[in-house]
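What the coordinates show
As a plain string of letters, each chain reads:
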Amino acid sequence: LDLTGDCLPRDAVAAIERADGGRLASLAEAHLAYAKAYHLYLRDRIVEARPIFAHVLKEFLRARSPFGFWARFYLAACDHKDNQPGRAKALSGEAKALSYLNVTGQTEWMIGLSDLEQGDAERALPRSREALWAFQKTRELGNQGAVSSLIANCLHYMGAEREAWRYRYQALGAAALSGDLARVA
């Protein structure tokens, strides 16, 4: 927590420590199922991943585990991939209020990207800057680079080319430090 400011890992461990025998087994199964859904999602197997995320969300809620925020994020991400945004906006505010910064950053990034894809760079820019703030707090260099690139694109479409170049430079620096140059392409 001292290093990143993100409270979710600490709160997730507390949920595990609170769980008794039966609930602990259910929580462990939920984490395993979450990992399966996550890997399906990464392979764009959204139809298979979505019901697993929905199931684990119920289990995480039952165990009062904040990992439910990640399940909610990936359900929103599945919606985004199916061009059905909407779930993400409430999630971001709730996650930020609890200092779940990586969930906040990922959610704001997705909303900003969606706004830019719809041609609204002015609406995308503050969301993208919020994502960058969260990733700077958590020291997620690869994500900082990718979001800085998104901000540069927003600024480019808004005609602020000089400022856009500053963010392109920042994106390349963060990506180089993280070893993840492909994410800023």
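Refer to the structure printed above.
Residues numbered from 1 in each chain as written. Predicted model: local features only at pLDDT ≥ 70, side-chain atom pairs only at ≥ 80, totals over all residues. Heavy atoms only, no water.

Some points on the overall build of the protein chain
Across its full length, the protein chain carries nine helices and zero strands. Traced from its N-terminal end to its C-terminal end, the protein chain shows the element sequence α-α-α-α-α-α-α-α-α. Over its C-alpha trace the protein chain gives a radius of gyration of 17 Å, about what one expects of a compact globule, namely 16 Å for 185 residues. Counting all 185 residues of the protein chain, 47% fall into the buried class. (Helix = DSSP H or I, 4+ residues; strand = E, 2+ residues; numbered from the N terminus. Rg over C-alpha atoms; globule rule 2.2 N^0.38 Å. Buried < 20%, exposed > 50% of the residue type's maximum accessible area, 1.4 Å probe, protein only.)

A short note on unusual backbone geometry
Positive phi, close to 60°, is recorded for Asp44, a residue that is not glycine. Tracing the backbone shows Asp44 in the loop between helix H2 (21–42) and helix H3 (46–62). Even without being a glycine, Arg139 presents a positive backbone phi close to 65°. Judged by its relative accessible area of 53%, Arg139 falls in the exposed class.

A look at the packing of helix H7 (residues 121–138) against helix H9 (residues 161–178)
Running from amino to carboxyl end, H7 crosses H9 at an angle of 30°, the nearest separation of the two axes being 14 Å. Accordingly, the angle class assigned to the pair H7 and H9 is roughly parallel. Taken as a pair, H7 and H9 cross one another with a handedness that is left-handed. Together, Arg129, Leu132 and Gln136 of H7 and Glu163, Tyr167 and Gln170 of H9 make up the contact between the two elements. Considered class by class, the residues forming the contact of H7 with H9 number two nonpolar, two polar and two charged. (Axes fitted to C-alpha atoms, helices over the stretch in contact; angles between N-to-C directions. Parallel < 35°, antiparallel > 145°, perpendicular 65-115°, else oblique. Left-handed = near helix turned anticlockwise from the far one by under 90°. Contact = heavy atoms within 4.5 Å. Nonpolar A, V, L, I, M, F, W, Y, C, P; charged D, E, K, R; others polar.)

Structural notes on the layout of surface pockets
Here the largest pocket defines a volume of roughly 350 Å³. Lining the largest pocket are Tyr38, Tyr41, Leu42, Phe73, Tyr74, Ala77, His80, Lys81, Gln106, Trp109, Met110 and Leu113. Put simply, the parts of the chain that give the lining of the largest pocket at least two residues each are H2, helix H4 (68–81) and helix H6 (101–117). Top element by residues in the lining of the largest pocket is H4. It accounts for five residues. Each residue belonging to the lining of the largest pocket can be placed in one class, and the counts come to nine nonpolar, two polar and one charged. (1 Å grid on protein atoms, 1.4 Å probe; cavity = no way out; pocket = protein on both sides within 12 Å on 5 of 7 lines; lining within 4 Å. Points joined across faces, edges and corners; volume = space filled by probe spheres on them.)

Description of the nonpolar core
Counting residues in each nonpolar core, the largest one holds 36 residues, and the members touching the most others are Tyr34, Tyr41, Phe53, Phe60, Trp70, Tyr74 and Val103. Those elements that place two or more of their residues in this core are helix H1 (8–18), H2, H3, H4, helix H5 (88–97) and H6. Counting 17 residues, the second largest nonpolar core, distinct from the first, contains Trp109, Ala131, Leu132 and Ala146. (Core = buried A, V, L, I, M, F, W, Y, C linked by side-chain atoms within 4.5 Å.)

Topic: H1
Every α-helix winds through 3.6 residues per turn, so residues three or four apart in the chain are directed the same way. Listed as buried for H1 are Leu8, Asp11, Ala12 and Ala15. End-on view of H1: buried residues confined to an arc of 105°, all on one side of the axis. Residues of H1 that are buried in the fold lie against H2, H4 and H6. (Arc of directions from axis to C-beta.)

Some words on the pattern of salt bridges
A full pass over the atoms with the stated rule returns 13 salt bridges. Taking the shortest distance from any N to any O, the salt bridge between Arg62 and Glu59 comes out at 2.9 Å. Of this pair, Arg62 and Glu59 both sit in helix H3, three residues apart, roughly one helical turn. The exposure class assigned to Arg62 is partly exposed, which follows from its relative accessible area of 49%. Taking the shortest distance from any N to any O, the salt bridge between Glu163 and Arg166 comes out at 3.6 Å. In this pair, Glu163 and Arg166 are both assigned in helix H9, three residues apart and thus about one turn of the helix distant. Glu163 gets classed as partly exposed once you look at its relative accessible area, which sits at 28%. One network of salt bridges, with partners in common, ties together Asp115, Asp120 and Arg123. (Salt bridge = Lys/Arg side-chain N within 4 Å of Asp/Glu carboxyl O.)

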